[in-house]
Amino acid sequence: YGYTQGSTLTPAGTTQTIDFDTGNAQFLALGSATGTVVLTLSNPAAGSSYLIFITQGATPRALTWPASVKWPQGVAPILSTVNGSVDKVWLYYNGTDYKGEWEVSYS
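So, a few notes on the structure that sits alongside this text. For every chain, the first residue of its written sequence is number 1, and the numbers climb from 1 along that sequence. Only residues with pLDDT of 70 or above have their local features reported here, since the model is predicted, and side-chain atom pairs are shown and tallied only from 80 upward, although totals for entire chains, interfaces and linings are computed over all residues. Water and hydrogen atoms were dropped before computing side-chain values, which therefore reflect all heavy atoms in the structure.

As for the packing of aromatic side chains
Any two aromatic rings considered together are summarised by their centre-to-centre distance and by the angle between their planes.
Phase 1 of the analysis: Here a Phe, Tyr or Trp ring, Trp counted by its six-membered ring, pairs with any other such ring whose centre lies within 6.5 Å, and the pair is stacked when the planes are under 30 degrees apart, edge-to-face when over 60, and tilted otherwise. Enumeration according to the criterion identifies 5 aromatic pairs in this entry.
Phase 2 of the analysis: Centroid distance phenylalanine 20 to tyrosine 98: 6.4 Å. Interplanar angle 50°. Geometry classified as tilted. In this pair, phenylalanine 20 sits in the loop between β2 (15-19) and β3 (25-29) while tyrosine 98 sits in strand β9 (residues 98-106), placing the two residues 78 residues apart along the sequence.
Phase 3 of the analysis: Residues phenylalanine 27 and phenylalanine 53 carry aromatic rings whose centres are separated by 5.3 Å and whose planes lie at 15° to one another, so their mutual orientation is stacked. Placement of the pair is phenylalanine 27 in strand β3 and phenylalanine 53 in strand β5 (residues 48-55), with a sequence separation of 26 residues.
Phase 4 of the analysis: Put simply, the rings of Phe20, Tyr50, Tyr93 and Tyr98 pair up and form one aromatic cluster. Helix numbers and strand numbers start at the N terminus; a helix is a DSSP run of H or I with at least 4 residues, a strand a run of E with at least 2.

Okay, structure coming up:
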């Protein structure tokens, strides 16, 4: 698929920027977050696809996605709540918006 792996991101508070210049496969570990994490997506390229793997910590955390991310039927991912569970979000960027899909609970 041509994905390049970025580093694992660990939000220490309630915000996290995902910079797609560092790779189009990103890893987000929510164990250190202190509440719902507001995401910022930066440096997308039109016509590119991105994967985000999200791992829950002991205290489940939710994500707030930018308005530019559009989901099927308008429903954002409902993340797993079990410690260590991994969810996957796939995004396609068309130059204006992201079109997203999600799968939950890779255990």
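The discussion continues.
A short note on the environment of isoleucine 18
Phase 1 of the analysis: As for its position among the elements, isoleucine 18 is in strand β2.
Phase 2 of the analysis: Accessibility here uses a 1.4 Å probe with only protein chains present; expressed as a share of the type maximum, an area under 20% marks a residue as buried, one over 50% as exposed, and anything in between as partly exposed. Given the relative accessible area of 0%, isoleucine 18 is considered buried.
Phase 3 of the analysis: Sequence-wise, isoleucine 18 and leucine 39 are 21 residues apart; in three dimensions their C-alpha atoms are separated by 7.2 Å.
Phase 4 of the analysis: For isoleucine 18, the contacting residues outside a window of four places in its chain are Leu9, Gln26, Leu39, Thr40, Leu41, Ser42 and Ile52. A contact between two residues is defined here by any heavy atoms of the two lying within 4.5 Å.

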